[in-house]
Amino acid sequence: MTINILDYLERSALKFPQKLAFVDLKNKINYADLQSFAQKIGSRIAENTTKTREPVVVFVDRNIECLVAFLGVAYSGNFYVPIDIQMPPARVKLILETLKPIGIINTPDSKGFAQKVAPEIPEYDYQEILANQVIKHNILNAIRRETIDLDPVYATFTSGSTGIPKGVITCHRSVVDMTDNLTETFNFDEHHVFGNQNPFYFDASIKDIYSSLSCGATMHVLPKSHFLMLGSL
């Protein structure tokens, strides 16, 4: 029985370690490295706080580093919050005031942005962690033993029709139930290739991300330049 979205990653990494998991315009990562990198991020967060089930922000663009960061936050026992790096700083500040995150992960494309909007929140540098962090399996295993399927895995914020963004939290069980139903209904397997167009701050993207992870498939993050733009008819 799948309890945690990380179960998908670990099963696929064991079965298809050298198979490509995610690909973007500049980079690609196989399942073995995806698991290792995520565990490094989870280890760093867990070393710096004893808190779990708390929000960690990831400023997102269309790159696989964001996806690695999501899974790293999950390994720490906390939940990730994707926020569009193109969003106006004033709006980001409103979200952060509501959210009160315990940390922010800076990917290569978002360096410097956190300092502009929330210099008081602890930052985790993606590249530095991957270069220097040792995986703390004992800590990660202890965290995993305490997790349940109703723990939060991510939160997304609405457009805020009233002017104030509103957050919605989703638990592991909800993602697992949806993913299992999708893979069963459409017979997804390791031979499928997913093309992701939905932005990571929009929860429709989880259909691509976790369906791919669950069956050991490959997901391509499609660049905006490849989107078909239709003019007025």
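Anything mentioned here points back to the structure above.
The model shown is predicted, which means the values in this text are computed figures rather than measured ones.

Participant: Which residues make up the pattern of salt bridges, and what values do they have?
Facilitator: Tallying each qualifying case throughout the model produces seven salt bridges. In this structure, Glu10 engages Arg144 in a salt bridge whose closest nitrogen and oxygen atoms are separated by 2.8 Å. One end of the pair, Glu10, is in helix 1 (residues 5-15); the other, Arg144, is in helix 7 (residues 137-146), and 134 residues separate them in sequence. A single network of salt bridges, built from pairs that share partners, joins Asp7, Glu10 and Arg144.

Participant: Before we move on, can you summarise helix 9 (residues 205-215) with the specific residues and values?
Facilitator: Extensive coverage of helix 9 is indicated by the burial of nine of its eleven residues. Listed as buried for helix 9 are Ser205, Ile206, Asp208, Ile209, Tyr210, Ser211, Ser212, Leu213 and Cys215. Taken from the residues just after helix 9, Gly216 is the one with a positive phi, measuring 75°.

Participant: Which residues make up the packing of aromatic side chains, and what values do they have?
Facilitator: If you walk through the whole model with that rule in mind, you get six aromatic pairs. For the ring pair Phe188 and Phe194, a centre distance of 4.9 Å and an interplane angle of 75° mean the geometry is edge-to-face. When its relative accessible area of 22% is taken as the criterion, Phe188 is described as partly exposed. One aromatic cluster in this structure is built from Phe70, Tyr80, Tyr154 and Phe200.

Participant: Account for the packing of helix 2 (residues 31-48) against helix 7, naming residues and giving values.
Facilitator: For the pair helix 2 and helix 7, interaxial distance at closest approach is 9 Å and the crossing angle is 80°. Comparing the axis directions of helix 2 and helix 7 gives the class roughly perpendicular. Counting all contacts with helix 2, which are made through Gln39, Gly42, Ser43, Ala46 and Glu47, the residues of helix 7 involved are His137, Ile139, Leu140 and Ile143. Residues of the contact of helix 2 with helix 7, tallied by class, amount to four nonpolar, four polar and one charged.

Cut-offs and rules
- Residues numbered from 1 in each chain as written.
- Predicted model: local features only at pLDDT ≥ 70, side-chain atom pairs only at ≥ 80, totals over all residues.
- Heavy atoms only, no water.
- Salt bridge = Lys/Arg side-chain N within 4 Å of Asp/Glu carboxyl O.
- Helix = DSSP H or I, 4+ residues; strand = E, 2+ residues; numbered from the N terminus.
- Buried < 20%, exposed > 50% of the residue type's maximum accessible area, 1.4 Å probe, protein only.
- Phe/Tyr/Trp six-rings, centres within 6.5 Å; stacked < 30°, edge-to-face > 60°.
- Axes fitted to C-alpha atoms, helices over the stretch in contact; angles between N-to-C directions.
- Parallel < 35°, antiparallel > 145°, perpendicular 65-115°, else oblique.
- Contact = heavy atoms within 4.5 Å.
- Nonpolar A, V, L, I, M, F, W, Y, C, P; charged D, E, K, R; others polar.

Any functional reading would require information beyond the geometric quantities listed.
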